[in-house]
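# Close look at the chain arrangement
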Amino acid sequence: MTDPTELPPAAPGHTPRRVMTIAGSDSGGSAGLQADMRTFAMLGVHGCAAVTAVTVQNTLGVSAFHEVPTDVVAGQITAVAGDIGIEAAKTGMLASTAIIRAVVATWRSAGLTGSVPLLVDPVCASNVGEPLLHPSALDAMRHELIPTATLITPNLDEVRLLVGIDVVDDATQREAARALHALGPQWTLVKGGHLRTSRISSDLLFDGADFHEYAASRVDTRDDHGAGDTLAAAITAALAHGHTVPEAVGFGKRWVTDCIHAAYPLGHGLGTVNGLARLLDDGSA
Ligand code: PXL
């Protein structure tokens with residue numbers, strides 16, 4: 001199947017594939033729905049957004065967030081599903097049990113459960129550890145949202161919170177993939193990027209039977225804010241283009257690795273992955 005980067009942008013008069021992010025806003029523009037929409041635009045899909053929360057954030061951290069009322073979260077999904085149509089979606093920051101429940105119920109009532117690929121990135125905290133999900137919402141994430149997911153993409157901190165496993169090597173990464181799969185998603189991607197002791201960043205995909213491994217050399221940068229969101233958004237775009245989950249994950253891993261290679265400093269804290277890396281023609285991506 002054609003690599004999404006080789007597809008032409010939407011032609012005049014021709015409706016492209018439609019995808020939705022159900023996520024929070026990062027006022028600093030590095031992560032959250034800003035990263036998702038940037039990635040969607042680069043990958044030739046029309047991005048729609050259901051905003052769940054508004055963070056007050058810069059490169060030094062998240063100082064506050066405001067949750068969008070659940071009927072407004074649900075309303076955004078229903079409005080888009082009933083008119084524009086959704087061919088794949090991803091969730092990011094969901095903040096609370098009430099928002100998770102609104103997303104699950106709306107996804108079902110819109111008739112999307114089981115027919116439209118849903119990637120759940122179980123965002124719990126910012127890259128420096130500020131909470132983006134109330135700890136009391138972990139149960140709803142585990143037992144209500146994750147079982148409806150086509151694919152979940154936890155990082156190692158989220159793995160620890162969700163299933164209590166400390167991933168330190170290949171064996172514990174496999175153990176975590178099995179424990180997460182038991183929660184009910186079709187596919188589980190345990191991202192190894194936070195295992196900083198390894199020179200390889202290795203992500204492990206599991207469907208309950210087979211493991212697929214996606215490895216890339218670790219890039220030595222602190223400017224990696226938005227990496228998880230960019231990976232998940234690239235996978236979602238590839239799913240909307242009709243790729244299988246293993247193909248979409250392989251594509252997303254190559255995509256985000258290029259974006260990390262082209263990362264740039266920003267503000268006074270941690271810089272960001274460069275979601276526009278592909279537009280560079282100087283060989284740096
Ligand atoms: O990268 C996870 C993430 C998702 N969504 C929002 C964020 C962050 C990290 O900071 O701010 C809104």
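Residue numbers restart at each chain and count upward from 1, following the sequence in its written direction. At least 70 in pLDDT is required for a residue's local features to be given in this predicted model, at least 80 for side-chain atom pairs to be given and counted, and no such filter applies to totals for whole chains, interfaces and linings, which use all residues. The side-chain quantities take in all heavy atoms of the structure and omit both hydrogens and water.

## Some words on the side chain of Thr 52
- Secondary structure elements are defined from DSSP: runs of H or I of at least 4 residues count as helices, runs of E of at least 2 residues count as strands, and each element is numbered from the N terminus. Take Thr 52: it is sitting in strand 2 (residues 46-58).
- When accessible area is computed with a 1.4 Å probe and restricted to protein chains, residues below 20% of their type maximum are described as buried, those above 50% as exposed, and intermediate ones as partly exposed. Note on Thr 52: relative accessible area 0%, which makes it buried.
- We define a polar contact as two N or O atoms separated by no more than 3.5 Å, with the added condition that, inside protein, one atom must be a possible hydrogen donor and the other a possible acceptor, whereas residues neighbouring each other in sequence contribute only through side-chain atom pairs. Within the structure, the side chain of Thr 52 is placed 2.6 Å from the backbone oxygen of Met 93, a separation counted as a polar contact.

## What to know about the packing of helix 1 (residues 32-42) against helix 7 (residues 227-240)
- One way to put it is that helix 1 packs onto helix 7 with a least axis distance of 8 Å and a crossing angle of 40 degrees. Classed by the angle they form, the pair helix 1 and helix 7 counts as oblique. Helix-helix and strand crossings are classified by hand; for helix 1 and helix 7 the assignment is right-handed. Mapping the contact onto sequence places Gly 32, Ala 35, Asp 36, Thr 39 and Phe 40 in helix 1 and Asp 229, Thr 230, Ala 233, Ala 234, Thr 236 and Ala 237 in helix 7.
- Note that Gly is not counted as nonpolar here; it falls among the polar residues with everything else outside the nonpolar set of Ala, Val, Leu, Ile, Met, Phe, Trp, Tyr, Cys and Pro and the charged set of Asp, Glu, Lys and Arg. Residue composition of the contact of helix 1 with helix 7, by class: five nonpolar, four polar and two charged. Orientation is described by lines fitted to C-alpha atoms, with helices fitted over the stretch in contact, and by angles between N-to-C directions that extend from 0 to 180 degrees. Reported orientations rely on four angle classes, namely roughly parallel under 35 degrees, roughly antiparallel over 145, roughly perpendicular from 65 to 115, and oblique for the rest. Whether a crossing is left-handed or right-handed is set by the direction in which the near helix is turned from the far one by less than a right angle, anticlockwise for left-handed and clockwise for right-handed. Every residue pair with non-hydrogen atoms within 4.5 Å of one another is taken to be in contact.

## Overview of the environment of Met 93
- With respect to the helices and strands, Met 93 occurs in the loop between strand 4 (88-91) and helix 3 (97-109).
- According to the relative accessible area criterion, Met 93 is buried, its value standing at 6%.
- For the pair Met 93 and Asp 220, spaced 127 residues apart in sequence, the C-alpha to C-alpha distance is 26 Å.
- Apart from residues lying up to four places away in sequence, Met 93 is in contact with Ile 22, Ala 23, Gly 24, Thr 52, Ala 53, Thr 55, Phe 65, Val 123 and Leu 132.

## Observations concerning the packing of helix 2 (residues 70-81) against helix 3
- Look at helix 2 against helix 3: their axes get within 9 Å of each other, and the N-to-C directions meet at 30 degrees. In terms of orientation, helix 2 lies roughly parallel with respect to helix 3. Along this stretch, helix 2 crosses helix 3, giving a crossing that reads as right-handed. On helix 3, the residues that touch Thr 70, Val 73, Ala 74, Ile 77 and Thr 78 of helix 2 are Ala 98, Ile 99, Ala 102, Val 103, Thr 106 and Trp 107.
- Of the residues contributing to the contact of helix 2 with helix 3, the split by class is eight nonpolar, three polar and no charged.

## Regarding the packing of aromatic side chains
- Stacked, edge-to-face and tilted are the three classes for Phe, Tyr and Trp ring pairs, Trp counted by its six-membered ring, which pair at centre distances within 6.5 Å; planes under 30 degrees apart are stacked, over 60 edge-to-face, the rest tilted. Within this structure, the stated rule accounts for two aromatic pairs.
- With a centroid separation of 4.3 Å and 15 degrees between ring planes, the pair formed by Phe 206 and Phe 211 is classed as stacked.
- Look at Phe 206 and you get buried, because its relative accessible area is 2%.
- When the ring of Phe 251 is compared with that of Trp 255, the centres are 5.9 Å apart and the planes differ by 40 degrees; the resulting orientation is tilted. Of this pair, Phe 251 and Trp 255 both sit in helix 8 (residues 245-261), separated by four residues, roughly a single helical turn.
- Geometry around Phe 211 places Arg 174 over its ring, the cationic atom sitting 4.3 Å from the centre. Sitting over a ring, as applied to charges here, requires NZ of Lys or CZ of Arg to be within 6 Å of the ring centre and within 35 degrees of the ring normal.

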